[in-house]
Amino acid sequence: MINILYCGNDKVFDGMLTCSLSILKRSKNDEPITFFVFTMDVSRIKSDYTPISDEKIKYFEDIIKAYNPENSAVKIDVTEIYEKEFGGCPNESAYCSPYTLIRLFADLVDLPDKILYLDVDLMFARDIHLLYDIDVSEYEYAAARDHYGKFLINPNYINAGVLLFNLKRMKETNLLGKARELIRTKKLTFADQSAIIRSTTKRKLLSQRFNDQKFLYKKTVIRHFSKRLFWLPYPHTDNIKQWHISRVHKKFGYYCFDDILYEYVYLKNKFDREFTKND
């Protein structure tokens, strides 16, 4: 069994669907996958901070079961935990959103000992087993270096968009408990990522190919479509996501994900038609 964790609000659907399709299309489907989705309602902060809908979870589950009937999707509402742990904390207006913080609740929910946390703005170019089968039994988690952080902050500074959790060891060392305490008491530059790094006892550093935030190589397993720096026609940053298909074609010249992205477009349009009709 492969276990995956996503976190987000109702707008996470595009990323969740494209990322999951990339896993299903680029991997062997002989092993069932459980997709856990942490979500919450914090619309008191911002009106669109609402949980992913049950309709989207059900539709998503129907899609993944077409690849393997044993695949499943589990929605977990962590609103109550969030309000208790982080309501009104210094990092509530984090650099992304409060939803970046909720992966820190992984030890407070009944989850498997080994689980792969994924940001939704990434695509698998190769089989997920290349990452998931890595042995982390002696570590709290495994992660790759951050493309910019390894130059600007520390050579071993990690990007927390891909984290292979050993929750059993993390509970023993109280990594997430220590991280939550930091979130509650200190304003951190990168919020949850900073808290995880500061609370780490022992981690396994992965090759950049497991979280490539800038380029796509032959050996790349995961291409992370995070915000990045472009030098031309003038130095600027841009935040192109994989579901921005025409921009992926034009800016990156990537066509290798088209089979995934065109299926996503079909499925998303089908959902929109059905959802609108039901409304």
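This text follows the structure it describes.
Residues numbered from 1 in each chain as written. Predicted model: local features only at pLDDT ≥ 70, side-chain atom pairs only at ≥ 80, totals over all residues. Heavy atoms only, no water.

### A word on the nonpolar core
- Grouped together as the largest cluster of nonpolar side chains are 52 residues, with contacts concentrated most on Ile 4, Tyr 6, Met 16, Ile 23, Leu 116, Leu 118 and Phe 124.
- Broken down by element, the residue count for this core peaks at 7 residues, all from helix α1 (residues 13-26).
- Setting aside residues no more than four positions away along its own chain, Tyr 6 makes contact with Met 16, Cys 19, Ser 20, Ile 23, Phe 35, Phe 36, Val 37, Phe 38, Leu 118 and Val 120.
- Counting 39 residues, the second-largest nonpolar core is a separate cluster that includes Cys 7, Leu 111, Ile 115 and Leu 182. (Core = buried A, V, L, I, M, F, W, Y, C linked by side-chain atoms within 4.5 Å. Buried < 20%, exposed > 50% of the residue type's maximum accessible area, 1.4 Å probe, protein only. Helix = DSSP H or I, 4+ residues; strand = E, 2+ residues; numbered from the N terminus. Contact = heavy atoms within 4.5 Å.)

### Quick look at the sheet that holds strand β8 (residues 203-206)
- In space, the 7 strands of this open sheet follow the order β3-β2-β1-β4-β7-β6-β8, with mixed pairing throughout. Single-partner strands in this sheet number two, and they are β3 (72-77) and β8. Strand-to-strand twist in this sheet, taken as the mean axis angle between neighbours without regard to direction, amounts to 25 degrees.
- In this structure, strand β6 (residues 141-144) lies alongside β8, joined through 4 bridges in parallel fashion. Residue pairing in the sheet places Ala 143 in a bridge with Leu 205 of β8.
- The sheet strands contacting helix α2 (residues 54-67) are β2 (33-39) and β3, and the helix crosses β3 at an angle near 160 degrees. (Pairing = 2+ DSSP bridges. Axes fitted to C-alpha atoms, helices over the stretch in contact; angles between N-to-C directions.)

### Focus: the pattern of salt bridges
- Counted according to the given criterion, the structure contains 17 salt bridges.
- As a salt-bridge pair, Asp 62 and Lys 58 come within 3.0 Å of each other at their nearest N and O atoms. Here Asp 62 and its partner Lys 58 are both found in helix α2, 4 residues apart, which amounts to about one turn of the helix.
- Since its relative accessible area comes to 47%, Lys 58 is described here as partly exposed.
- Between Arg 103 and Asp 192 there is a salt bridge, with the nearest N and O atoms lying 2.1 Å from each other. Taken together, the residues Arg 103 in the loop between α3 (79-86) and β4 (114-118) and Asp 192 in helix α8 (residues 191-199) connect sequence positions 89 residues apart.
- Within this structure, Glu 85, Asp 107, Arg 180, Glu 181 and Arg 184 form a network of salt bridges that share partners. (Salt bridge = Lys/Arg side-chain N within 4 Å of Asp/Glu carboxyl O.)

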